[in-house]
Amino acid sequence: MNDNTVSAARQTLTEDVLGKVVRYARLPLCITDPTLPDNPIVYVNDAFTDLTGYGSDEIVGQNCRFLQGPETTRESVDAVRETLLARRVDTVEIVNYRKDGSRFLNALQLGPINDEDGNLIYFFGSQLDVSERRRVEREHRQLADDELLHRLRNIVNVMTAMVRLTAREEPSPAAFADKVIERLAALGAAHFDTIGRSDQHEVDFETLMGPIMRAYTSATEDQINLTGAIR
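About the criteria used
- Residues numbered from 1 in each chain as written.
- Predicted model: local features only at pLDDT ≥ 70, side-chain atom pairs only at ≥ 80, totals over all residues.
- Heavy atoms only, no water.
- Helix = DSSP H or I, 4+ residues; strand = E, 2+ residues; numbered from the N terminus.
- Buried < 20%, exposed > 50% of the residue type's maximum accessible area, 1.4 Å probe, protein only.
- Contact = heavy atoms within 4.5 Å.
- Areas by Shrake-Rupley, 256 points an atom, 1.4 Å probe, with all protein chains shown as cover.
- Pairing = 2+ DSSP bridges.
- Axes fitted to C-alpha atoms, helices over the stretch in contact; angles between N-to-C directions.
- Expected span 1.5 Å × (residues − 1).
- Salt bridge = Lys/Arg side-chain N within 4 Å of Asp/Glu carboxyl O.

## Section: the overall build of the protein
And then number 1: From N to C terminus, the protein includes seven helices and five strands.
And then number 2: Listing each helix as α and each strand as β along the protein from the N terminus yields α-β-β-α-α-α-β-β-β-α-α-α.
And then number 3: By residue count, 26% of the 231 residues in the protein fall in the buried class.
And then number 4: Nonlocal contacts in the protein, meaning residues at least 24 apart in sequence, comprise 37% of its contacts between residues at least 6 apart.
And then number 5: Summing over all exposed atoms, the protein offers an accessible surface of approximately 15600 Å²; the carbon and sulfur share of this is 54%.

Encoded structure:
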């Protein structure tokens, strides 16, 4: 295949196929023209109108800021402006609003489109509604935080009971301190050396429960016999 054929195929791809890709892609896309006053939108695809609820005739000619609203932060707006001024490709999460007033968190990717001589002719923007993704992430973080607080409360309760038990058993402050330290070490082993072992695929019952039960024994010899298998 000669250079002329390759050049003709590239021209056809650019003008025909790529144009259809932009038009029919399910990723919302817009193109703005920085050579015009206020850098207005000059093109949007169908996915953009589907996402925002506006018709193309309501969008074209406006600056993208018309999608901003009460919860759009100054930081995100400044980040968009800085990206445009720097003429770099970047992604900014910004709160935008649909025509019906509903908000969505927009992972906005934007960047310059240059001509063959490197001159800026357009900016592109692709929108992605990440509201649900961030909601799920927040729920997971909340569940993790709640679980951590629950575990911490349990540990504090166990330590409190352990100190009270030891205070009744030991006759001197030195013996009391030694026993508390010993039991706290056993409790730490139970949580960190046994339960916290993520690489432990199989463990016998005594290995799992031994460190936990030893934290509650009051004598040096074994007071509890552990037998059985974990199923």
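## What about the sheet that holds strand E1 (residues 29–32)?
And then number 1: The antiparallel open sheet is built from five strands, whose spatial order is E2-E1-E5-E4-E3. A single partner strand is all that each edge strand has here, and the edge strands are strand E2 (41–44) and strand E3 (90–97). Put simply, the sheet's adjacent strands are angled 30° from each other on average, direction ignored.
And then number 2: With three bridges connecting them, E1 and E2 associate as antiparallel partners. Paired with Ile31 across the two strands is Tyr43, which belongs to E2.
And then number 3: Here helix H4 (residues 74–86) sits on the sheet in contact with E3, strand E4 (103–114) and strand E5 (120–126), set at roughly 135° to E3.

## So, helix H5 (residues 131–169)
Residues separated by three or four positions in an α-helix point in the same direction, a consequence of the helix having 3.6 residues per turn.
And then number 1: Here H5 spans 57 Å end to end across 39 residues, near enough to the 57 Å set by a 1.5 Å rise per residue.
And then number 2: Buried within H5 we find Arg134, Met162 and Thr166.

## Some thoughts on the pattern of salt bridges
And then number 1: This structure, assessed with the given rule, holds seven salt bridges.
And then number 2: Its salt-bridge partner being Asp78, residue Arg81 comes within 3.0 Å of it at the nearest N-O pair. With Arg81 and Asp78 both in helix H4 and three residues apart, this pair spans about one turn of that helix.
And then number 3: Residue classification places Arg81 among the partly exposed positions, given a relative accessible area of 42%.
And then number 4: Each of Arg74, Asp78 and Arg81 takes part in one network of salt bridges that share partners.

## Quick look at the pairing of E5
And then number 1: Note that E1 and E5 share four bridges and pair antiparallel. Paired with Thr32 across the bridge in E5 is Phe123.
And then number 2: By the bridge criterion, six bridges tie E4 to E5 in an arrangement that is antiparallel. Bridging from a neighbouring strand, Pro112 pairs with Phe123 of E5.

## Thoughts on the side chain of Asn63
And then number 1: Mapped onto the fold, Asn63 is located in the loop between helix H3 (56–59) and H4.
And then number 2: In this structure Asn63 comes out as buried when scored by relative accessible area, which is 17%.
And then number 3: Discounting residues that sit within four places of it in the chain, Asn63 has contacts with Asp38, Asn39 and Pro40.

## Examining the environment of Phe176
And then number 1: Looking at the element boundaries, Phe176 is found in helix H6 (residues 173–195).
And then number 2: Given a relative accessible area of 27%, Phe176 falls into the partly exposed group.
And then number 3: Sequence separation of Phe176 and Thr166 is 10 residues, and the distance between their C-alpha atoms is 6.3 Å.
And then number 4: When near neighbours in sequence (up to four residues on either side) are disregarded, Phe176 contacts Val163, Thr166, Ala167 and Glu170.

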